Amino acid sequence: MDGVDATVRGSVRTSSAAPPSLLTIILDTNPLSWSHLSSSLPLSAVLKTLLIFVNAHLAINHANQVAVLASHVDNVAWLYPTPDDGDASKQSSQTNGHTEVADEHRVVSNKYRPFLTIEKNISKNLRNLLTSDIPSAEALKSPPLLAGALSIALAYANLQLLKADPMTSDSASTGTGAVGAADLDAHTSALRTARSGHQFVSRILIVSVSQADLSSQYIGLMNSVFAAQRLNIPLDVLRIGERTAFLQQASDATSGVYLTYDPPNSTANGTNGAATASFSSATAGLLQTLMQGYFSDVAARKLLVMPGSAEVDFRAACFCHGKIVDLGGVCSVCLSIFCLPLEFTSCPTCQSPLRVPKSVTTKPVAFARRKKKKRKIGDGGRDSAAGTPVPN
Amino acid sequence: MSLSSAVLDYLQAQPGVTFKRLYLQPPTVLAVLRRMLPHLAKNIIMAMLFMPEPFLEEDLLTWIRAEARPQRDEAMTVLEQLHILTLVPEPPTPRAYRLNTAFASSLRQALMGGGSTNSFGVPADKDAPGPKRTVEELDKWARKQWEAILYYMVGSAEREYSREGNISSGTRKLLEMGEFIIMRGGRADITKGGFTFLLQEANAQVWTLLIVYLENSESVSSIHTKSKVIENQSKDIEQLQMDPVEMLSFLFMLGSLELGQDYNTESLTKTQFHMLEDLHDFGIVYHPPDARGRFYPTRLATTLTSSDASLLSNPNSSLSMNSGKGSIILETNHRIYTYTSSPLQIAVLALFANLNSCYPNLVSGKLTKKSIQRAVEKGITADQIIDYLRTHAHPQMLKNQPVLPPTVVDQIRLWQIEGDRMEATPGFLLKQFVNANEYRETAQYAENLGVLVWRNDREHMFFVTRIEQLQQYLAKRKTQAPRR
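These numbers come from a predicted model, not from an experiment. (Residues numbered from 1 in each chain as written. Chains lettered and ligands numbered in written order. Predicted model: local features only at pLDDT ≥ 70, side-chain atom pairs only at ≥ 80, totals over all residues. Heavy atoms only, no water.)

A.B. asks: Report on the overall build of chain A, specifying residues and quantitative values.
C.D. replies: Per the secondary structure count, chain A includes 16 helices and 8 strands. Sorting the 392 residues of chain A into buried and exposed places 47% on the buried side. Considering only residue pairs separated by 6 or more positions, chain A has 68% of its internal contacts joining residues 24 or more positions apart. Here chain A displays about 19000 Å² of accessible surface, and carbon together with sulfur accounts for 57% of that area. (Helix = DSSP H or I, 4+ residues; strand = E, 2+ residues; numbered from the N terminus. Buried < 20%, exposed > 50% of the residue type's maximum accessible area, 1.4 Å probe, protein only. Contact = heavy atoms within 4.5 Å. Areas by Shrake-Rupley, 256 points an atom, 1.4 Å probe, with all protein chains shown as cover.)

Have a look at this one:
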């Protein structure tokens, strides 16, 4: 009887089924930037590609979800789910699509219904967005509202996470009952330790084209990045055009994918035929990039080697001139970054007064360092606080 | 994964030609992708789908992390078994993988739209005669039909529940063929397989039954001579002669249809139209008797290609029968409480629990040694009971880790083992072989078949659970022997 052992609890149900996953796409829809690209990679082609990508995401798992946001010139708009039925249950949106689509038998019978619904919604909403308000020339040059779009996307992802897992939402609702930072911690840890079987993963893909620099939104952007980091949401960035340091940092901090995609330039080829040929190759290249580089969700990323450049530009832009600095000053209150030597006595971002020792503002960097070393050897760094500003 | 593996097993047994035809239909490809592949395999397919060149094996290996080797092997095996990936043997170039062309083009078609295959169902005309059915009506219908089948099976175990639902003779025969029930003297007796079936989740039950349906359509049609007359005459499953590929495609198509929408039957093939009748009996589709030209898929159909996880995550979509939100609370003192008023769930519980009180929305009882051993005697295993309790656990229970109190789980197993001191295996003893060689080869063959239970090399005898194939094998040996 010693051999009898019934204590194989088998509580670890090997759920090889992948968790449902939410893909949120933030599409930069600045008309000016897209018009620059119109010859090589028009918005319509990118949209088509994104739709295939979205369909593929939905195809691999019945429970997968999708949300698409447009970060437009002066506002952020939902492309999918459509705001009106965004809050309503799935049923209502489906019946919506149902009455609408019933007229077009031919299309319906050849396309999977959920794909069709999404496609219609996105193209309708995008058309509304692009035709409704024509922004001023001044506004067009301003950077897209990426920080705002990210916040909305994160809020949506969090909401879906709570909806998907009633267990964590229970604990979360009790957590938010009593307000406090400790509850926030409890909430996030509940999210993290959510049972693996039901875990709901999400990721955010930012398709960025605008040339404008994002340093004006630096604080909002970084706050969103930290929130995403906490929620375990990777921020993937597909950059069309030249590199941006901030987005690369964002994706690096959240272990997302950052790739730049340069569409083959067709403007050089004069003839129309060549232009269309390279247009399709640009789209195909974009599609393949999406499918291989950005397709895997958090669960699959553990198994795959993700693309990405080895070196990340961690330098921050100074807030005063917007140029990238190797060594700068940091406001101790709001963590804004300024280039040296400092030119002001109060932080231009948060208005807190800065009293900076003369040594920082005037003396060369190399000299200051050497001084520090000497002091450390001397007497335990008595004046170690010399670099930080003291409120007046 | 039990349910998709059932489908997977069925598919893997199919010849390569079947796959070629199956993959011509976008819904099939979509369903295969969604239900039957490991997560990594899906990622591999998507990466390769729009790749102009074959994927070099070397690149594939670098793409997947070294520590994910078990998952990679699993993914590649499944992909090759389902004939989705093939190794391109090109001597000058390095080894590369290529997607099955039919699979790739169907998947591309599914993702991008287009084509004119009508593969996602043709909705019926809006102004067709006859009343429309609402989603609620369809749910009611599906539940009624499906529960009738389950009732029938439970009823065959517990007399008092019998004959509440009326199921067609075809369904009854199918249950018998699937060895869920055995007819003994005009009375149906539930088998071990039947209990396994009952304790599964609804979606898995549907698939299990459908696979029996598919398997039998095939085997039966190969036994009987093909005659169109019989096919039209009777809808008894025994006389079905249908193409399994068309049947499977139809099932996968049903999985991609929209609930609450009626579809035209005109685009269906003869086989598929014929299937409608049987699926109507199961509650998977609703084929209105007053409007034969159209049919409604029910929730059982539209969730065919979704996984169980989605049913859990979306409580609205789950059938409120015995799936969806769990309702069982099991305490460490072996008491069991179930928030249910469904006679079916109560009947299933009564199979292994001692129920003592019943309220309008709550049943309470106790797991006792007697009740568990009674169940074990009937052929229910402890693991089945534990699995059932776990999958139907109340949300409050799910907060615990592990979900069920370990003491109770261990106790259930111990109670089973207590009765298992002696294991009886019905089978056949083979002895008195002509020579050692014959003994060795036959025993080896039996072992390869997986039917060998015990062998004694000194006495030259062994014991097998099944003998049909061995008989053939021995007969073949005999005929071959003189020639040699």
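That was the structure; now back to the text.
A.B. asks: Hey, could you go over the overall build of chain B for me, with residue numbers and the actual values?
C.D. replies: Counting secondary structure elements, chain B contains 23 helices and 15 strands. Across the 484 residues that make up chain B, the buried fraction comes to 54%. Residue pairs at least 24 apart in sequence account for 67% of intrachain contacts in chain B once pairs closer than 6 positions are excluded. Within the structure as shown, chain B displays about 22300 Å² of accessible surface, and the carbon and sulfur contribution to it stands at 51%.

A.B. asks: Describe in detail the packing of aromatic side chains, supporting the description with residues and values.
C.D. replies: All names here are of chain B. Counting across every chain of the model gives 17 aromatic pairs over all chains. Look at Trp207 and Phe252: their rings are 5.9 Å apart centre to centre, the planes differ by 45°, and that puts the pair in the tilted class. Within this pair, whereas Trp207 is found in helix 11 (residues 202-223), its partner Phe252 is found in helix 13 (residues 244-255), the two being separated by 45 residues in sequence. Both residues of the pair, Trp207 and Phe252, belong to the buried class. Ring centres of Phe433 and Phe462 lie 5.6 Å apart, and the angle between their planes is 15°; this geometry places the pair in the stacked category. Linking Phe433 in the loop between strand 13 (428-430) and helix 22 (436-449) with Phe462 in strand 15 (residues 461-464), this pair joins segments that are 29 residues apart in sequence. According to the relative accessible area criterion, Phe462 is buried, its value standing at 0%. Through successive ring pairs, a cluster of aromatic residues spans Phe19, Tyr23 and Phe103. (Phe/Tyr/Trp six-rings, centres within 6.5 Å; stacked < 30°, edge-to-face > 60°.)

A.B. asks: Break down the pattern of salt bridges for me, with residues and values.
C.D. replies: The final tally for this structure, using the stated rule, is 10 salt bridges over all chains. Between Arg390(B) and Asp387(B) there is a salt bridge; the shortest N-O distance is 3.9 Å. Of this pair, Arg390(B) and Asp387(B) are both found in helix 19 (residues 382-391), 3 residues apart, which corresponds to roughly one turn of the helix. When its relative accessible area of 12% is taken as the criterion, Arg390(B) is described as buried. Taking relative accessible area as the criterion, Asp387(B) reaches 37% and is therefore assigned partly exposed. Sharing partners across several salt bridges, the network here consists of Arg203(A), Asp236(A) and Arg301(A). (Salt bridge = Lys/Arg side-chain N within 4 Å of Asp/Glu carboxyl O.)

A.B. asks: How would you summarise the sheet that holds strand 2 (residues 85-88) of chain B if you had to cite specific residues and measurements?
C.D. replies: Residue and element names in this part refer to chain B. Here 3 strands make up an open sheet; going across it, the order is 1-3-2 and the pairing antiparallel. Where the open sheet ends on each side, the last strands, each with one partner, are strand 1 (55-56) and strand 2. Of the strand pairs in this sheet, strand 2 and strand 3 (residues 96-99) are connected by 4 bridges, and their pairing is antiparallel. In the strand pairing of strand 3, Thr86 is matched with Arg98. (Pairing = 2+ DSSP bridges.)

A.B. asks: Please set out unusual backbone geometry residue by residue, giving values where relevant.
C.D. replies: Residues and elements named next belong to chain A. Looking along the chain, the bond that leaves Tyr80 and enters Pro81 is cis, with omega of -5°. At Ser255, a residue that is not glycine, the phi angle is positive and equals roughly 50°. Within the secondary structure, Ser255 is located in the loop between helix 12 (245-253) and strand 6 (258-261).

A.B. asks: Account for the pairing of strand 10 (residues 335-338) of chain B, naming residues and giving values.
C.D. replies: Residues and elements named next belong to chain B. Only one face of strand 10 is covered, namely the one carrying Ile336 and Thr338; the face carrying Arg335 and Tyr337 has none of its residues buried. Sheet topology places strand 9 (residues 328-330) next to strand 10; 3 bridges connect them, and they run antiparallel. Opposite Ile329, over in strand 10, you have Tyr337 as the bridge partner. Between the end of strand 9 and the start of strand 10, which pair antiparallel, lie 4 residues, with His334 showing a positive phi angle near 70°. Summarising the sheet, strand 10 and strand 12 (residues 363-366) pair through 4 bridges and their orientation is antiparallel. In the sheet register, Arg335 faces strand 12, and the bridge partner there is Lys366.

A.B. asks: Any chance you could break down the packing of helix 3 (residues 26-36) of chain B against helix 7 (residues 101-112) of chain B for me, citing the residues and the numbers?
C.D. replies: Residue and element names in this part refer to chain B. Two numbers describe how helix 3 lies on helix 7: the axes approach to 8 Å, and their chain directions differ by 95°. As far as their axial angle goes, helix 7 and helix 3 are roughly perpendicular. Facing Pro26, Val29, Leu30, Val32 and Leu33 of helix 3, the residues of helix 7 in contact are Phe103, Ser106, Leu107, Gln109 and Ala110. Broken down by class, the residue content of the contact of helix 3 with helix 7 amounts to 8 nonpolar, 2 polar and no charged. (Axes fitted to C-alpha atoms, helices over the stretch in contact; angles between N-to-C directions. Parallel < 35°, antiparallel > 145°, perpendicular 65-115°, else oblique. Nonpolar A, V, L, I, M, F, W, Y, C, P; charged D, E, K, R; others polar.)

A.B. asks: Talk me through the environment of His334(B); I want residue IDs and the actual numbers.
C.D. replies: Residues and elements named next belong to chain B. Looking at the secondary structure, you find His334 in the loop between strand 9 and strand 10. We classify His334 as buried; its relative accessible area is 17%. Distance from His334 to Leu367, taken between C-alpha atoms, is 5.3 Å for residues 33 residues apart in sequence. Apart from residues no more than four positions distant in its own chain, His334 is found in contact with Gly365, Lys366, Leu367, Val408, Gln411 and Trp415.

A.B. asks: Requested: an account of a nonpolar patch on the surface, with residues and values cited.
C.D. replies: Residue and element names in this part refer to chain B. On the surface, a cluster of nonpolar side chains totalling about 280 Å² of accessible area is made up of Leu429, Val453 and Trp454. As for its placement among the helices and strands, Trp454 is situated in strand 14 (residues 452-456). By relative accessible area, which is 40% here, Trp454 ends up partly exposed. (Patch = residues over 30% accessible without salt bridge, like charges linked within 9 Å, V, L, I, M, F, W, Y side chains within 5 Å.)

A.B. asks: Can you break down the environment of Thr349(A) residue by residue, with the values?
C.D. replies: All names here are of chain A. Looking at the secondary structure, you find Thr349 in the loop between strand 8 (337-339) and helix 15 (358-362). Along the sequence, Thr349 and Ser336 sit 13 residues apart, while their C-alpha atoms lie 6.9 Å from each other. If near-sequence neighbours (up to four positions away) are discounted, Thr349 is found in contact with Ile219, Phe319, Cys334, Ser336 and Phe338.

A.B. asks: Lay out the side chain of His287(B) in plain terms, naming residues and giving numbers.
C.D. replies: Residue and element names in this part refer to chain B. Within the element layout of this structure, His287 appears in the loop between strand 7 (285-286) and strand 8 (294-297). In terms of polar contacts, His287 uses its side chain to reach the side chain of Glu277, at 3.0 Å. Excluding anything up to four places from it in sequence, His287 contacts Thr265, Phe273, Leu276, Glu277, His280, Arg292, Arg294 and Phe295. (Polar contact = N/O pair within 3.5 Å; in protein donor to acceptor, adjacent residues only side chain to side chain.)

A.B. asks: Requested: an account of the confidence of the model for chain A, with residues and values cited.
C.D. replies: Segments scoring low in pLDDT should not have their predicted coordinates read at a detailed level. All names here are of chain A. Averaged over chain A, the pLDDT score is 71; the fraction of residues at 70 or greater is 64%. Counting interchain partners and residues more than four positions distant, the pLDDT-below-50 stretch residues 8-15 has 12 contacts. Below pLDDT 50 for its whole length, residues 168-182 participates in 11 contacts with residues either more than four positions away or in separate chains. (pLDDT = per-residue confidence, 0-100.)

A.B. asks: I'd like a rundown of the environment of Ile26(A), residues and numbers included.
C.D. replies: All names here are of chain A. Relative to the helices and strands, Ile26 is located in strand 1 (residues 21-28). Looking at Ile26, the relative accessible area reads 0%, which means it is buried. As a C-alpha pair, Ile26 and Ser71 span 45 residues in sequence and 6.5 Å in three-dimensional space.

A.B. asks: An account of the side chain of Arg301(A) is requested, with residue identities and associated values reported.
C.D. replies: Position of Arg301(A) relative to the elements: it lies in helix 14 (residues 298-301). The exposure class of Arg301(A) is buried, given its relative accessible area of 8%. One polar contact links the side chain of Arg301(A) to the main-chain carbonyl oxygen of Ser296(A), over a distance of 3.0 Å. Among all residues touching Arg301(A), those that are not within four sequence positions of it are Arg203(A), Pro234(A), Asp236(A), Ser255(A), Gly256(A), Val257(A), Tyr294(A), Ser296(A), Met306(A) and Arg65(B).

A.B. asks: Run through the sheet that holds strand 4 (residues 201-208) of chain A, naming residues and quoting values.
C.D. replies: All names here are of chain A. Taken together, the 6 strands give an open sheet; going across it, the order is 3-2-1-4-5-6, and neighbouring strands pair in mixed fashion. Looking at strand neighbours, the two that pair on one side only are strand 3 (76-80) and strand 6, the edges of this open sheet. Here the average twist between neighbouring strands, direction ignored, is 20°. In this sheet, strand 3 lies alongside strand 2 (residues 65-71) in antiparallel orientation, the contact comprising 4 bridges. Considered in strand 3, the bridge of Val68 is made with Tyr80. With respect to the sheet, helix 2 (residues 43-60) is in contact with strand 1, strand 2 and strand 4, its orientation differing from that of strand 1 by roughly 175°. Those strands touched by helix 12 are strand 4, strand 5 (235-240) and strand 6, and its axis lies near 150° from that of strand 5.

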